[in-house]
Amino acid sequence: MLITEMKQKDALLPHFSGKVFFLVCHGCKEVHFPEAEVEAFKAELMAADKLTGYLTTDYICNPENLTLRLAKHAQAIDDADVIAVFSCGVGVQTVAGMYPAKKVVACCDTYALPGFQGVTPLEYDCKQCGQCYLNLTGGICPITACSKSLINGQCGGAKNGMCEVDPNMECGWERIQRRLAQIGRLDALKCSVQLRNYATDDLVNQ
Amino acid sequence: MENYTKYALKDSDALTQLLREQDQIFVIACNKCFKEYTSDKNTELEKFLELANSLEKTITGVIRPDFLCNKTKAEGKLNQLIPQDSRCVFVLGCGLGIQTVADCVNLPVYAATDSLNYTGHHGMALTKKACDACAQCYLTATGGICPIVDCSKSLLNGQCGGAKNGKCEVSPDKDCAWEKIQQRLSAQGRLNEFLNLNVQLRDYSKVNYKVISEYVKAIRESRLDGYYGGVHPSEHKEFSEHQPLVRFADPQIAVIPMSQHLGAPASPTVQVGDYVTVGQKIGEPTAFISAPVHASISGTVIAIEDRPHASRGQCLAVVIESDGKNTLHESVQPHGDLNDLTAEQIVAIVRDAGIVGMGGAGFPTAVKLTPKTPVDTILLNGCECEPYLTADHKLLLAYGDEVIFGLQAILKATGAQKGVIVIEDNKPDAVELLQQKTAQYENIEVCVAKTKYPQGAEKMLIKRVTGRQVPSGGLPADVGVVVSNVATAKAISDAIQLGMPLIERIVSVTGEHIANPGNFIAKIGTSVQSLVDACGGITGSDVTVKAGGPMMGFVQSTLDTPIMKGSNGIIAVDSDATQEVACIQCGRCVDVCPMELKPLHFAKFADEGNWAGMKQQSVMDCIECRCCEYICSSKIPLIKKIKAGKAAVREMK
Amino acid sequence: MRITELFDKGQFVVTAEVGPPKGIDASHLVDEAKTYLSGITAVNVTDNQSSVMRMGSLPACVALKNAGLTPILQLTCRDRNRIALQSELLGAAMLGIDNILCLTGDHTKMGDHPQAKPVFDLDSVSLLHTVCQLEKGVDLGGNALLGEAPKFAKGAVVSPCSESVDAQLAKMERKVMAGAEYFQTQAVYEPEKFIEFMEKAKQFGKPVQLGIVIPKSAGMAKFMNNNVAGIHIPQEMIDELAADKEKAKAGITGVEIAARIIKECKPYCQGVHIMALGWESKVPEILKLAGI
């Protein structure tokens, strides 16, 4: 799941030479997007007579619907020197693909959140490593629950059971150890040395 | 659209090894997501069962949940579903589903599948690798082509030496991203911009997991805040919330529909040519669930005929031409002190005054006030959770005392001990005012609810305020609660204190396409056109007009409809042009449905005419709040399909 | 000389740790080591310790070796993927560096380049496994090495006083399984905890060197308690450091404490590893006081 944060205005303004069309994506609606900041920025540029038009809508990553929705803004986009897109990276690329001759400015940075389905980020994360380790770890993912994604056990960085990188995050391997003890599966730690395969995306890219 | 799947079965050697020492196996196979919803087949499950069978393993049961990772729904249920004799659980799901199960069940959990590596695949159907969420978007500098995902090395500063004939060294099928970037930038005349750029360095600390984990925590809490799901559409209250409440001129012609409520339409008690006065009954109820209708102006009945109706297309209406005198009917007499009235008398006054739920649904209030089971709590809904609308907000500010009086009358009529006025936190002035006004009443309090749609829906409101869950197919009274709108309470006050039946209400006329939005006290029967005209008319083209709010309101093809008892607003908003595509099981509808249904099945079943399936998925519990349709990434008109399903299920009975 | 040979002989092995400079002049490092550490068995050279960028461990090891000392190459998985780690190991072997200590490494966010990409392609366990593969004449990709295979004394680390001692023991077991031949521990301030740990670690049959960080002041002790993983300094020790500030400042208290811990733990371990953190000059004194 992706969320966005608006880039610093100072970083954006130099890109807005000439007139600008604002295309704002609500994201996946219930998934965070910087609504208030974008609205304020829009008002500012409107006051400065920089905008040829704007559209706030959802799912701009869907090119078919975006085409339908932008039909009535054709003139405004034509008049603009720059299309400013407030969305995740997918949305920006969709727009850039639709208007290859226009300068498209990516106005947000995109972050990933745990979970795929729905709109609520999950407690658990899955990095889609393609070689599920959960059988060895009592169902706690070492790739996402450990800051270093270690797969052979705890590092020396845990302090009071917390991670060295984030003292608010419990050490993943501490949790794994506890879970395995609980379910009587400490034998899982005796498995052979685990090595990651970083080429699992081959399967998907075929 | 490509058929995306999230997990693959581990190879049979690995599975055989996993299964070797296990028996009495319970199997959970997630129905997958981001996959075109066309078939219920799960080939991975079939293969797994085949293998387990060949190894002579006992399977104690198989379940196939939707969205296994939705822990709110998975936990609790899972342990109940697993038979006692199970000794382990095998999960076919992505890493999220497996972790959910491992966290929820007390048996050893085994992963029978690997998540496929779809890193970077985001967007509608995850069919294309498009965004790696690097938290430092480079797309401006690269002409909208992503150097992180499109370049095998994620290079930021230009092409490496590995491209051959414009193809990547890593996979010859793949275009070199930097070749494409070069072409795009040069076509746009922006090469210099790129050449003059500072050296780009990736900042791997930019993905701030602290911000993310705090956000995740906050958003998870807010989604379950008060009740499961719901949505937060842009509020747009700004158009009218600071406009004063103005009394609108009485109409010259009042068109008063006989059906402004749930249940049987009223039957006209006047004839063309009759002279009627303000507050005079012109239509009487024809069934237990029905309500009388009254004249809102004085004058002559000039027609009794079908007229355009905001939600029913056409409806029988009594049309009155004003004599401009506003003569009161003799029946309009104050009913005296509330203390002197019995519960039965209050109910009778409410019934005779034609009072119905003014939040939009229009359920006859007198029926609500005589519940079959005892109630202890009355909730007054002042949430106004629909975007744009500000009618109830204005009412609370202008008629706080009347609302409280109405609530006292309801308390007395129902014998409930406590009254709660629920107001969303986006109306702080109303909250403060009502808190002041209710301070002196021991049995009345104000509850401030965090804004979330559909807060005002009865079942959500009850869950939020009292924590009680209205059973499937049940009524609020089943859990000891009666819910009423604040405007309804004010109407009850008018009926008792002034003796005036329900002949006027507050309406917001608003939206980005209304020239001068405003809030008006309008007589029932006032034409929508006249209200819109008074607001300077509709601006721009390609406008959608709705009676009610954007979520549950009805699209209007004409402005030649009258204001009715439930008309809380007229909005003119941007039209949205979209096209329905196939469901991809993104799960968003399941995440937002406050009734905890799974609307994606309704879309499929309605198209197939599978009404039994719809019934089994509890379509009758749907409150038609439209959250699912609002969030749907495939733009499926779910409510239309749900309504068809409900009608079919009703006929099945 | 591989230090495992000394363990095999039953020798009590003393090592100390030095950090390469953030710069190109290693003369100070070499001088200090020559002056204060020439009496001990070997000297660990850290690998961008605490994720703070410095001169590489390998060249600093070579400088020490040229000065007549026995260096131990520390190798972390934070900054290099499996290709770089293996080539580094081959280079070390060519240069005659045959003692190594395999670590996962602190996270990049802990150091002075928090924006850097944390690699962790391998971890300490898989790194040990990789070293064993190289020793068999095969790389991790399964390709044969040309000519003679390298041979290392393969060390690893463990935190005996960690709150997560079970997880640490489990990891230690995996390290042994992957090929670790000796262990150096995180700093120990609680001999009773260490002894308890050693009772459990005995089963692995690998030599363990007691880790010592000289406590320089009460302030440093408190800081380590709050911030350094696997370290806990008891209150009495902090009081002891706070009692006579001048004495502590002169290093006398720290040396006394370190020597006392070594004395108490010596019967239970096979060596000591001193992390002097700049107080290399105190090492001879500690050893003298501890009776080594």
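Residues numbered from 1 in each chain as written. Chains lettered and ligands numbered in written order. Predicted model: local features only at pLDDT ≥ 70, side-chain atom pairs only at ≥ 80, totals over all residues. Heavy atoms only, no water.

## A closer look at the overall build of chain C
We apply this condition: Runs of H or I in DSSP of at least four residues are treated as helices and runs of E of at least two as strands, each being numbered from the N terminus. For a compact globule the rule gives 2.2 Å times the number of residues to the power 0.38, and the radius of gyration it is set against comes from C-alpha atoms. Each residue is placed in one exposure class: buried if its accessible area under a 1.4 Å probe, protein chains only, is under 20% of its type's maximum, exposed if it is over 50%, and partly exposed if it falls in between. Whether two residues are in contact is decided by their heavy atoms: any pair within 4.5 Å suffices. All accessible areas in this document rest on Shrake-Rupley with a 1.4 Å probe, and a residue is counted as covered only by the protein chains that are shown. Positive charges are assigned to Lys and Arg, negative charges to Asp and Glu, while His and the chain termini are left out of the count. Working definition for charges: the position is that of NZ of Lys, CZ of Arg, CG of Asp or CD of Glu.
When helices and strands are tallied, chain C shows 12 helices and 8 strands. For 292 residues, the compact-globule estimate of 2.2 N^0.38 gives 19 Å, and the C-alpha radius of gyration of chain C, at 18 Å, lies within 12% of that figure. In terms of principal-axis extent, the alpha carbons of chain C reach across some 60 × 45 × 40 Å. Across the 292 residues of chain C, 57% fall into the buried class. Sequence separation of 24 or more characterises 78% of the internal contacts of chain C that already satisfy a separation of 6 or more. Carbon and sulfur atoms provide 53% of the accessible area of chain C, an area that totals close to 11800 Å². Positive and negative side-chain charges in chain C, numbering 31 and 34 respectively, have mean positions lying 1 Å apart.

## A look at the domain arrangement of chain A
Spelled out, the test is: Here the bounds of each domain stem from an automatic or database domain assignment.
Per the domain assignment, the segments of chain A are domain 1 (2-112) and domain 2 (134-195). The distance between the C-alpha centroids of domain 1 of chain A and domain 2 of chain A comes to 42 Å.

## Considerations on the interface of chain B and chain A
We apply this condition: By buried area we mean the combined loss of accessible area, with a 1.4 Å probe, across both parts when two parts are placed together. By definition, a salt bridge exists where a carboxyl oxygen of Asp or Glu is found within 4 Å of a side-chain nitrogen of Lys or Arg. A 3.5 Å cut-off defines polar contacts: any pair of N or O atoms within that distance qualifies, except that in protein one atom must be a possible hydrogen donor and the other a possible acceptor, and neighbouring residues in sequence count only when both atoms are side-chain atoms. Residues are grouped as follows: Ala, Val, Leu, Ile, Met, Phe, Trp, Tyr, Cys and Pro are nonpolar; Asp, Glu, Lys and Arg are charged; every other residue, Gly included, is polar.
In this complex, chain B contributes 85 residues to the contact, which on the side of chain A involves 74 residues. The junction of chain B with chain A conceals about 6800 Å² of combined surface from both sides, 56% of it contributed by carbon and sulfur atoms. The interface formed by chain B and chain A holds 8 salt bridges in total. Taken together, the links from chain B to chain A amount to 34 residue pairs in polar contact (both at pLDDT 80 or more). Counting only elements with at least two residues in the side of chain B that touches chain A, the list comes to α5 (95-104), β5 (109-111), β6 (113-115), α9 (209-224), α18 (588-592) and α21 (627-631) of chain B. Split by residue class, the side of chain B that touches chain A holds 40 nonpolar, 25 polar and 20 charged.

## Quick notes on the sheet that holds strand β14 (residues 313-322) of chain B
The strands making up a sheet associate through backbone hydrogen bonding, with each pair oriented either parallel or antiparallel. Just so we agree on the cut-off: DSSP calls a pair of strands paired once it identifies at least 2 bridges connecting them.
Read across the open sheet, the 4 strands follow the order β8-β14-β13-β10 (chain B); overall the sheet is antiparallel. Each edge of the sheet is formed by a strand with only one pairing partner; in this case those strands are β8 (253-257) and β10 (275-276) of chain B.

## Regarding empty space enclosed by the protein
Unoccupied space between atoms shows up once a probe the size of one water molecule is rolled over them. All names here are of chain A. Heads up, the condition is: In the cavity and pocket records, a cavity denotes points on a 1 Å grid over the protein atoms alone where a 1.4 Å probe fits but cannot get out, a pocket denotes an open set with protein on both sides within 12 Å along at least 5 of 7 lines, and lining residues are residues with an atom within 4 Å of a point. Grid points are joined across faces, edges and corners, and a volume is the space filled by probe spheres set on the points.
Going through the model one piece at a time under the given rule, you end up with 15 cavities of 30 Å³ or more. Approximately 340 Å³ is the volume found for the largest cavity. If one sorts the elements of the lining of the largest cavity by residue count, strand β1 (residues 2-6) sits on top with 3 residues. Partitioning the lining of the largest cavity into residue classes produces 17 nonpolar, 10 polar and 1 charged.

## Some points on the packing of helix α12 (residues 391-398) of chain B against helix α16 (residues 486-498) of chain B
Residues and elements named next belong to chain B. Note the cut-off: Here an axis means a line fitted to C-alpha atoms, over the contact stretch when the element is a helix, while the angle between two N-to-C directions is reported on a 0 to 180 degree scale. Working definition: roughly parallel below 35 degrees, roughly antiparallel above 145 degrees, roughly perpendicular at 65 to 115 degrees, and oblique for all remaining angles. In this scheme, a crossing is called left-handed if the near helix is turned counterclockwise away from the far one by less than a right angle; it is called right-handed if the turn is clockwise.
Put simply, α12 and α16 touch, their axes get as near as 9 Å, and they point 45° apart. Considered as vectors, α12 and α16 are oriented oblique to each other. As α12 runs across α16, the sense of the crossing is left-handed. Packed against α12, whose contacting residues are D392, L395 and L396, the element α16 presents V486, A487 and K490 at the interface. Here the contact of α12 with α16 is composed, by residue class, of 4 nonpolar, no polar and 2 charged.

## Side note on the pattern of salt bridges
Residues and elements named next belong to chain A. Taken as a whole, this structure holds 54 salt bridges over all chains when the rule is applied. Here E44 and K9 are joined by a salt bridge, their closest N and O atoms 2.8 Å apart. With E44 in helix α2 (residues 35-47) and K9 in helix α1 (residues 9-12), the pair connects residues that are 35 residues apart, well separated along the chain. Given a relative accessible area of 39%, E44 falls into the partly exposed group.

## Describing the sheet that holds strand β4 (residues 88-92) of chain B
Residue and element names in this part refer to chain B. An order of β3-β2-β4-β5 is seen for the 4 strands of this open sheet, with the pairing classed as parallel. Each of the sheet's edge strands pairs with one partner strand only, and the pair in question is β3 (59-63) and β5. Strand-to-strand twist of the sheet, defined as the mean angle between neighbouring strand axes without regard to direction, takes the value 20°. Judged from the 5 bridges that link them, strand β2 (residues 25-29) and β4 form a sheet pairing that is parallel. Looking across to β4, one finds that I28 is bridged to V91. Relative to β5, α5 is tilted by about 170°, and along the sheet it contacts β2, β4 and β5.

## Here we look at the nonpolar core
Nonpolar side chains in soluble globular proteins tend to end up buried together. Under the convention used in this document: The criterion is simple. A nonpolar core is a set of buried Ala, Val, Leu, Ile, Met, Phe, Trp, Tyr and Cys residues joined through side-chain atoms within 4.5 Å.
The biggest cluster of nonpolar side chains holds 86 residues, and the ones touching the most others in it are L37, Y189, L210, I261, V272 and I274 of chain C. It is helix α11 (residues 252-265) of chain C that contributes the most residues to this core, 7 residues altogether. The contacts of L210 of chain C, once residues within four sequence positions are left out, are T185, V188, F194, I261, I262, C265, C269, G271, V272 and H273 of chain C. In this structure, I212, M460, M551 and C583 of chain B belong to the second largest nonpolar core, which totals 59 residues.

## A few points about the interface of chain B and chain C
Counting residues at the interface gives 6 residues for chain B, matched by 6 residues for chain C. The three residues of chain B that bury the most area against chain C are Y204, S205 and Y209 of chain B, which together make up 82% of that side's buried surface. At the junction of chain B and chain C, the tally comes to 0 salt bridges. Taken together, chain B and chain C are joined by 1 residue pair in polar contact (both at pLDDT 80 or more). For the side of chain B that touches chain C, the per-class residue count stands at 3 nonpolar, 1 polar and 2 charged.

## Some words on α16 of chain B
All names here are of chain B. Test applied: Helices are assigned an expected span. That span is 1.5 Å times one less than the residue count.
Its 13 residues give α16 an end-to-end C-alpha distance of 18 Å, which sits within 8% of 18 Å, the value for a rise of 1.5 Å per residue. Burial analysis of α16 places 11 of its 13 residues in the buried class, which makes it a mostly covered element. Along α16, the residues that are buried comprise V486, A487, T488, A489, K490, A491, I492, S493, D494, A495 and I496. Of the residues that open α16, the one with a side-chain oxygen 2.7 Å from the backbone nitrogen of A487 is N485. Remark: G499 follows α16 within two positions and exhibits a positive phi of approximately 80°.

## Considering unusual backbone geometry
Residue P454 of chain B is reached from Y453 of chain B by a cis peptide bond, and omega for that bond is 0°. Topologically, P454 of chain B is positioned in the loop between β17 (444-449) and α15 (458-466). A positive phi angle is found at Q128 of chain A, which is not glycine, with a value near 55°. You can see Q128 of chain A is positioned in the loop between β6 (108-112) and α6 (142-145). Given the relative accessible area of 9%, Q128 of chain A is considered buried.

## Looking at helix α13 (residues 400-414) of chain B
All names here are of chain B. Taking 1.5 Å as the rise per residue, α13 with 15 residues should run 21 Å; its terminal C-alpha atoms sit 21 Å apart, in good agreement. When you tally the buried positions in α13, you get 11 out of 15 residues, the bulk of the element. Looking only at α13, the buried set comprises G400, V403, I404, F405, G406, L407, A409, I410, L411, A413 and T414.

## Digging into the pairing of β2 of chain B
Where a strand is regular, its side chains alternate between the two sheet faces. Residue and element names in this part refer to chain B. Applicable threshold: A crossover counts as right-handed when, viewed with the strands pointing away from the observer, the path leading from the first strand over the helix to the second turns clockwise.
The buried count for β2 comes to 5 of 5 residues, which makes it a mostly enclosed element. By the alternation rule, side chains of β2 split into I25, V27 and A29 and F26 and I28, which are all buried. Taken together, β2, helix α2 (residues 43-54) and β3 form a β-α-β motif whose crossover is right-handed.

## Quick notes on the packing of aromatic side chains
In plain terms, the rule: For Phe, Tyr and Trp, where Trp contributes only its six-membered ring, two rings pair if their centres lie within 6.5 Å, and the inter-plane angle classes them as stacked under 30 degrees, edge-to-face over 60, or tilted in between. Here, a charge over a ring is recorded when the distance from Lys NZ or Arg CZ to the ring centre is within 6 Å and its angle to the ring normal is within 35 degrees.
What the rule picks out here adds up to 11 aromatic pairs over all chains. Ring geometry for F41 of chain A versus F86 of chain A: centroids 6.3 Å apart, planes at 75°, classification edge-to-face. In this pair, F41 of chain A sits in helix α2 while F86 of chain A sits in strand β4 (residues 82-86), placing the two residues 45 residues apart along the sequence. Accessibility assignment for this pair places F41 of chain A and F86 of chain A in one class, buried. With a centroid separation of 5.3 Å and 35° between ring planes, the pair formed by W178 of chain B and F194 of chain B is classed as tilted. One end of the pair, W178 of chain B, is in helix α7 (residues 177-187); the other, F194 of chain B, is in helix α8 (residues 191-195), and 16 residues separate them in sequence. Overall, the relative accessible area of 4% leaves W178 of chain B in the buried class. Of note, K32 of chain B hangs over the ring of Y7 of chain B, and the distance from its end group to the ring centre comes to 4.9 Å.

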